[in-house]
Amino acid sequence: MSEFSHWNEKGRPKMVDISQKNETKRSAVAQSTILLKKELYDAIQNAEIKKGDPLQVAQIAGIMAAKKTPDIIPMCHPIQLTGVDFHFEYKQVSDGYELMMQAEVTCKGNTGVEMEALTAVSAAALTFYDMCKAVDKSMVIKETFLLSKTGGKNGDYLAKK
């Protein structure tokens, strides 16, 4: 692991200068999983959530969050995103269902979009919780992690399964 780059010569935090980095196509996929009860899953499938479709609202919140990442993560550079998309998949487990959410963020720029993807999927998970908490307050937002990234000087990354 290389030494941390976000410190100046006096040991104070700084935003890294990315002007010398090559502009390349970059992408990142982040994933979060939510554990929910069968009753909530059934309510979603039967369109019984009073606030509306929780996946649709979560996706919009995630897209908005990706665009606002530099506003909440101090050392993130404002970058021009070229795309944000989501994938949702339910899986039945012994105590209900798991909802796997993935956010994919792309750009053409001098720095990567890992933080934007992680922020997007985190906001989507929190929004899903908010949309559904009247039915199931026991939901658990589980692992949130970077699944993959492409582009940049450090090359591609794929999480080990």
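Residues numbered from 1 in each chain as written. Predicted model: local features only at pLDDT ≥ 70, side-chain atom pairs only at ≥ 80, totals over all residues. Heavy atoms only, no water.

**Some details on the environment of Asn22**
So, point 1. Structurally, Asn22 can be placed in the segment before strand E1 (24–36).
So, point 2. In this structure Asn22 comes out as exposed when scored by relative accessible area, which is 61%.
So, point 3. Distance in space between the C-alpha atoms of Asn22 and Lys10 is 28 Å, their sequence separation being twelve residues.
So, point 4. Sequence-distant contacts of Asn22, that is, excluding residues within four places in its chain, are made with Gly109 and Asn110. (Helix = DSSP H or I, 4+ residues; strand = E, 2+ residues; numbered from the N terminus. Buried < 20%, exposed > 50% of the residue type's maximum accessible area, 1.4 Å probe, protein only. Contact = heavy atoms within 4.5 Å.)

**Considering unusual backbone geometry**
So, point 1. Phi at Ala47 takes a positive value of approximately 55 degrees, unusual for a residue other than glycine.
So, point 2. Mapped onto the elements, Ala47 comes out in the loop between helix H1 (38–45) and helix H2 (54–72).

**Details of the UniProt feature "domain: Molybdopterin cofactor biosynthesis C (MoaC)" (unreviewed entry) in the protein chain**
So, point 1. UniProt tags residues 15–152 as "domain: Molybdopterin cofactor biosynthesis C (MoaC)" (unreviewed entry).
So, point 2. The span residues 15–152 carries 33% helix and 37% strand; its end-to-end C-alpha distance comes to 18 Å. (UniProt positions renumbered as here; feature names shortened; annotations may be inferred.)

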